[in-house]
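So the chains spell out like this:
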Amino acid sequence: MNRGVVRQVKTCTYISGPPCAGKSTVALAVSRLVPRIEHVRGDEYWVTHPGMSFEDRVSATNKDILSAIGNVASPDVLCEWVPCRSPFVAQLHAICVSMGRQFLHVILTASTPVLRNR
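None of the values given here were measured: they were computed from a predicted structure. (Residues numbered from 1 in each chain as written. Predicted model: local features only at pLDDT ≥ 70, side-chain atom pairs only at ≥ 80, totals over all residues. Heavy atoms only, no water.)

A. Local environment of the environment of R36. Mapped onto the secondary structure, R36 falls in the loop between α1 (23-33) and β2 (38-41). For R36 and T48, which are twelve residues apart along the polypeptide, the C-alpha to C-alpha distance reads 26 Å. If near-sequence neighbours (up to four positions away) are discounted, R36 is found in contact with S74 and D76. In terms of polar contacts, R36 uses its side chain to reach the side chain of D76, at 2.8 Å. (Helix = DSSP H or I, 4+ residues; strand = E, 2+ residues; numbered from the N terminus. Contact = heavy atoms within 4.5 Å. Polar contact = N/O pair within 3.5 Å; in protein donor to acceptor, adjacent residues only side chain to side chain.)

B. Fine view of unusual backbone geometry. Even without glycine at this site, C20 takes up a positive phi of about 75°. Its location among the elements puts C20 in the loop between β1 (10-16) and α1.

C. Expanded view of the state of the cysteines. According to the stated counting rule, one finds zero disulfides in the structure shown. A disulfide-free cysteine, C12 has its sulfur positioned 3.2 Å from the sulfur of C96, the nearest such atom. Lacking any disulfide linkage, C79 is separated from the closest cysteine sulfur, that of C12, by 6.2 Å. Using a relative accessible area of 0% as the deciding quantity, one classes C79 as buried. (Disulfide = S-S within 2.5 Å. Buried < 20%, exposed > 50% of the residue type's maximum accessible area, 1.4 Å probe, protein only.)

D. Here's a closer look at α1. Residues of α1 that are buried include every one of K23, A27 and S31, and no others. Each buried residue of α1 sits inside an arc of 60° when the element is viewed along its axis, so together they form one side. Away from its buried face by more than 90 degrees, α1 exposes T25, R32 and L33. Contact partners of the buried residues in α1: β1, β2 and β3 (76-80). (Arc of directions from axis to C-beta.)

E. Representation of the packing of helix α3 (residues 54-70) against helix α4 (residues 87-98) within the structure. Across the interface, α3 lies against α4 with an axial gap of 10 Å and an inter-helix angle of 15°. The pairing of α3 with α4 is recorded here as roughly parallel in orientation. Relative to α4, α3 is oriented so that their crossing is right-handed. Contacts between α3 and α4 involve N62, I65, L66, I69 and G70 from the former and F88, Q91, L92, I95 and C96 from the latter. (Axes fitted to C-alpha atoms, helices over the stretch in contact; angles between N-to-C directions. Parallel < 35°, antiparallel > 145°, perpendicular 65-115°, else oblique. Left-handed = near helix turned anticlockwise from the far one by under 90°.)

F. Inspection of α4 at higher detail. Compared with an ideal rise of 1.5 Å per residue, which puts twelve residues at 16 Å, α4 spans 16 Å between its outermost C-alpha atoms and is within 8% of the ideal. Along α4, the residues that are buried comprise F88, V89, L92 and C96. Angular distribution of buried residues about the axis of α4 spans 100°; they occupy a single face of the element. Those residues of α4 that are exposed and angled more than 90 degrees off the buried face are P87 and S98. Buried residues in α4 make contact with β1, α3 and β4 (101-107). Just downstream of α4, G100 is the residue with a positive phi angle, here 75°. (Expected span 1.5 Å × (residues − 1).)

Shape is all these values report; function is a separate question.
Next comes the structure, spelled out in structure tokens:
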């Protein structure tokens, strides 16, 4: 064992859940606590595709997010977006693994009354 070599563990944390569940709030808090983490916000890509049908807009946003994750230079990345279970999540996982990143998927939720009040 070579004790002089420290191996950097690269990570990708994906926070998903319904709109208004608190994804952005949690991600911003983590970003403030861990300044080296790169934060990829799904909403930043969502707004770049106005005028598309909902399905096309989701598809374009998903593609943009996956591309952004593939281009992250920081060892740690935090991604927040809506899909909890879909081909998007599997693709995100595959990109992270191919880049040597450990993948953690956190699903946030809240009760219906809480979501409606936000």
